[in-house]
Amino acid sequence: MTESNPYIASWQSPSNIALVKYWGKKGPQLPANPSISFTLDNAITSTQIEAIHSENQNQVSIEFYFEDAKNPAFESKILAYLDIVRSEFYWLANHQLIIHSKNTFPHSSGIASSASAFSALALCLCDLHAQITGETFPNFYEKASHWARIGSGSACRSVYGGFNLWGHSNNILNSSDLHAINIDENVHDNFKTLTDTILIVEKGKKSVSSTQGHALLKEHPFAQLRYQLANENTNQLLSILKSGEIKDFIGLVEAEALMLHALMMTSPTPFILIKPNTLAVLEKIWEFRNQTDLNLLFTLDAGANVHLISTAEHNEQVQNFVKNELVGYCQNGLYFCNAIGQGPKNIKNA
Ligand code: DP6
């Protein structure tokens, strides 16, 4: 152990948006099918952890502050997570953690924050591990991805910038269920300037969480077919990303988003997360695309909000379309603009 008490790690990490969706899991937080996402540049969690040496702790001990206020709900979620990961981070047995976390996007804006939150947390833990034990992980980001996954599956795709694949795929050599990998070297320049305008159709907590949604796949009559189609869509998207074929990209990504919500509606305990305004926005996007033939498309995560994706060359037209035709469907007129992000940053000495 090196002598530097307290130890401090401070990382910011972005959220990501899935193009082929992770929906359904098996075993210890492993995906039932591979998924592909890109990292956002503007939906970020910053986390700082101070680790203070304290002997003879039977339990992991933390103080958690979200946006400078104590947050017992988040604190117990993080405690449960740390209890699992202490098998790797054994020094948690004799260090107390003081954790401060904040988001660049407003709390409960409906933007999924577990991806950025668990990614930032896992990066801090890997960083502290090296500081406290003097042991460095041979592949730091892969390790962080692995432990981010344990907190929230989609978080494992947030430890790198650009395009990422999580889950074993026969076509990609280093792909793994245990952690995500970056696939930028197989992505055509046509896709390197994508933007994602997140239209906040509904803020606030969802009626069914993603974790509950994943569990419902266990009894789902279409589960096996879904996993097969998701594997096929992964292979197809990998070749589309390589070829640069944007029209094929549009068809596949929209079909994936609609299939995700169709699975929710057809589960043994059905549920619906989209709202009338979600459908109104999708109709508008299709109408506008038919009229203009621009490269724009939507995807959805597990909620009512719409991710409007387009290529940067149409940015002005797309932003005018948002302001003139879509903002009225957004709660309090709220929307967030993102480009493809570069990934996490160590901000300890920034
Ligand atoms: C629809 O990663 O939030 O956004 O692993 O239970 O934390 P847990 O679920 P989570 O699920 C994300 C589901 C999704 C699709 C995706 O991001 O791939």
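Residues numbered from 1 in each chain as written. Predicted model: local features only at pLDDT ≥ 70, side-chain atom pairs only at ≥ 80, totals over all residues. Heavy atoms only, no water.

Draft legend 1. How the structure looks around unusual backbone geometry. In this structure, Gln29 takes a positive phi of about 60 degrees despite not being glycine. With respect to the helices and strands, Gln29 occurs in the loop between strand 2 (25-26) and strand 3 (30-31). Its identity as a non-glycine residue notwithstanding, Asn332 has a phi of 50 degrees, on the positive side. Considering the arrangement of structural elements, one finds Asn332 in the loop between helix 8 (315-326) and strand 13 (335-339). Classification of Asn332 by relative accessible area gives exposed; the value is 63%. (Helix = DSSP H or I, 4+ residues; strand = E, 2+ residues; numbered from the N terminus. Buried < 20%, exposed > 50% of the residue type's maximum accessible area, 1.4 Å probe, protein only.)

Draft legend 2. Molecular detail of the nonpolar core. Within the largest apolar cluster, 39 residues are counted, with the highest numbers of intra-cluster contacts made by Tyr81, Leu82, Val85, Phe89, Leu97 and Leu125. Broken down by secondary-structure element, the contributors of at least two residues to this core are strand 1 (7-20), strand 4 (35-53), strand 5 (61-66), helix 1 (72-85), strand 7 (95-103), helix 2 (114-133) and helix 3 (140-151). If we ignore the near neighbours within four places in the chain, the residues touching Tyr81 are Phe118, Leu121, Ala122, Leu125, Trp147, Ala148, Ile150 and Gly151. In terms of nonpolar packing, the next biggest core, distinct from the first, is built from 32 residues, Val20, Ile183, Phe249 and Phe336 among them. (Core = buried A, V, L, I, M, F, W, Y, C linked by side-chain atoms within 4.5 Å. Contact = heavy atoms within 4.5 Å.)

Draft legend 3. Local environment of the site of the ligand. Taken together, 16 residues surround the ligand, and among them Tyr22, Lys25, Ser152, Gly153 and Ser154 come closest. Note that an oxygen atom of the ligand is positioned 2.7 Å from one of the side-chain N or O atoms of Ser152. Gly153 places a main-chain nitrogen or oxygen 2.7 Å from an oxygen atom of the ligand. Relative to its free-state accessible area of 460 Å², the ligand is covered by the protein chains to the extent of 92%. Looking at which element gives the most residues to the shell around the ligand, the answer is helix 4 (residues 210-216), with 3 residues. For the shell around the ligand, the class distribution of residues is 5 nonpolar, 8 polar and 3 charged. (Near = heavy atom within 4 Å. Polar contact = N/O pair within 3.5 Å; in protein donor to acceptor, adjacent residues only side chain to side chain. Areas by Shrake-Rupley, 256 points an atom, 1.4 Å probe, with all protein chains shown as cover. Nonpolar A, V, L, I, M, F, W, Y, C, P; charged D, E, K, R; others polar.)

Draft legend 4. Structural view of the packing of helix 1 against helix 2. In contact at an axis separation of 13 Å, helix 1 and helix 2 are set at 45 degrees when each is read in the N-to-C sense. Our classification of the angle between helix 1 and helix 2 gives oblique. With respect to the hand of their crossing, helix 1 and helix 2 are arranged in right-handed fashion. Packed against helix 1, whose contacting residues are Ile78, Tyr81, Leu82 and Val85, the element helix 2 presents Phe118, Leu121, Ala122 and Leu125 at the interface. Residue composition of the contact of helix 1 with helix 2, grouped by class: 8 nonpolar, no polar and no charged. (Axes fitted to C-alpha atoms, helices over the stretch in contact; angles between N-to-C directions. Parallel < 35°, antiparallel > 145°, perpendicular 65-115°, else oblique. Left-handed = near helix turned anticlockwise from the far one by under 90°.)

Draft legend 5. Structural detail: the pattern of salt bridges. All told, the structure shown has 8 salt bridges when counted by the stated rule. Note that Arg86 is salt-bridged to Asp83, the shortest N-O span being 3.4 Å. A residue is classified by how much of its surface remains accessible, and Arg86, at 23% relative accessible area, is partly exposed. Among the salt bridges present, the one from Arg289 reaches Glu254, with a minimum N-O distance of 2.7 Å. Of the two residues, Arg289 is situated in helix 7 (residues 276-292) and Glu254 in helix 6 (residues 246-265); the sequence distance between them amounts to 35 residues. (Salt bridge = Lys/Arg side-chain N within 4 Å of Asp/Glu carboxyl O.)

Draft legend 6. Quick look at the sheet that holds strand 13. Reading across from one edge, 11-12-10-13 is the order of the 4 strands in this open sheet, with antiparallel pairing throughout. Both edges of this open sheet fall to strand 11 (296-300) and strand 13, since each of them pairs with a single strand only. Going from strand to strand, the sheet's axes swing by 25 degrees on average, the running direction of each strand aside. The pairing of strand 10 (residues 194-199) with strand 13 spans 5 bridges and is classified as antiparallel. Looking at the pairing, Thr195 lines up with Ala339 of strand 13. (Pairing = 2+ DSSP bridges.)

Draft legend 7. Broad picture of the pairing of strand 5. Taken together, the 6 bridges between strand 5 and strand 7 define a ladder with parallel strand orientation. Its bridge partner lying in strand 7, Ser61 is registered against Gln96. In the sheet, strand 5 pairs with strand 6 (residues 69-70) via 2 bridges, with the strands oriented antiparallel. Bridge assignment links Tyr65 to a residue of strand 6, and that residue is Lys70. A loop of 2 residues connects strand 5 with strand 6, the two strands running antiparallel in sequence, and Glu67 in this loop sits at a positive phi of about 50 degrees.

Draft legend 8. Seen up close, the packing of aromatic side chains. For the coordinates displayed, the defined rule picks out 14 aromatic pairs. Their ring planes at 80 degrees and their centres at 6.4 Å tell us that Phe89 and Phe137 sit as a pair that is edge-to-face. Note that Phe89 is positioned in the loop between helix 1 and strand 7 and Phe137 in the loop between helix 2 and helix 3, a separation of 48 residues in sequence. On the basis of relative accessible area, Phe89 is assigned to the buried category, the value being 0%. Taking the relative accessible area as the measure of exposure, Phe137 reaches 14% and is therefore buried. Considering the side-chain rings of Phe191 and Phe249, the 4.7 Å spacing of their centres and the 40 degrees angle between planes classify their relative orientation as tilted. One end of the pair, Phe191, is in the loop between strand 9 (180-182) and strand 10; the other, Phe249, is in helix 6, with 58 residues separating them in the sequence. (Phe/Tyr/Trp six-rings, centres within 6.5 Å; stacked < 30°, edge-to-face > 60°.)

Purely spatial values, then, with no claim about function.
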